[in-house]
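Given next are the chains, with one letter for each unit.
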Amino acid sequence: MPIFIVLAYAVILILSILISGYLSYEGLLRTAEEITLPLVVFLMAIILVMDATISYFRSSNRSYRLPIFIWMVAAFFR
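This write-up is about the structure you can find in this document.

**With respect to the packing of helix H1 (residues 2-32) against helix H2 (residues 36-59)**
(1) Moving on: For the pair H1 and H2, the least separation of the axes is 9 Å and the interaxial angle reads 150 degrees. One element, H1, and the other, H2, form an angle in the roughly antiparallel class. Crossing hand, H1 versus H2: right-handed. Of the residues in H2, those in contact with Tyr9, Leu13, Ile14, Ile17, Leu18, Gly21, Ser24, Tyr25, Leu28, Leu29 and Ala32 of H1 are Thr36, Leu37, Leu39, Val40, Met44, Ile47, Leu48, Asp51 and Ser55.

Structure (structure tokens):
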């Protein structure tokens with residue numbers, strides 16, 4: 001059962017980041033023009049890595065305030 005939960009979480013995470021990236025691309029295309037794609041990929045990577053970092057920090061009982069702050073900043077710009 002835990003493997004199913006991890007796989008389902010990974011699939012949902014990837015799909016949600018891809019959908020968010022597509023919507024961000026469409027929204028930023030008018031203002032960012034030629035740097036839109038690298039900007040969106042960068043923001044998607046930050047969101048993905050911070051989500052994994054938050055999960056790791058939670059499992060190792062470490063404070064995850066900084067990763068949440070970084071995630072919120074990246075999500076704000078999306």
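**Comments concerning the packing of aromatic side chains**
(1) Moving on: Counted under the stated rule, the structure contains 2 aromatic pairs.
(2) Moving on: Their ring planes at 80 degrees and their centres at 5.3 Å tell us that Phe76 and Phe77 sit as a pair that is edge-to-face.
(3) Moving on: Exposure remark for Phe76: the relative accessible area of 65% places this residue in the exposed category.

**So, H1**
(1) Moving on: Helix length check: H1, at 31 residues, gives a terminal C-alpha distance of 42 Å against a target of 45 Å (1.5 Å per residue), a fit within 8%.
(2) Moving on: Along H1, the sharpest change in direction is near 30 degrees and occurs at Glu26.
(3) Moving on: Within H1, the full set of buried residues consists of Leu13, Ile17, Gly21, Ser24, Leu28 and Ala32.
(4) Moving on: Buried positions along H1 lie against H2 and helix H3 (65-77).
(5) Moving on: Glu33 sits one or two positions beyond H1 and adopts a positive phi of about 45 degrees.

Reading the values: the criteria
Residues numbered from 1 in each chain as written. Predicted model: local features only at pLDDT ≥ 70, side-chain atom pairs only at ≥ 80, totals over all residues. Heavy atoms only, no water. Axes fitted to C-alpha atoms, helices over the stretch in contact; angles between N-to-C directions. Helix = DSSP H or I, 4+ residues; strand = E, 2+ residues; numbered from the N terminus. Parallel < 35°, antiparallel > 145°, perpendicular 65-115°, else oblique. Left-handed = near helix turned anticlockwise from the far one by under 90°. Contact = heavy atoms within 4.5 Å. Phe/Tyr/Trp six-rings, centres within 6.5 Å; stacked < 30°, edge-to-face > 60°. Buried < 20%, exposed > 50% of the residue type's maximum accessible area, 1.4 Å probe, protein only. Expected span 1.5 Å × (residues − 1). Bend = angle between axes of the 7 residues up to and from the residue.

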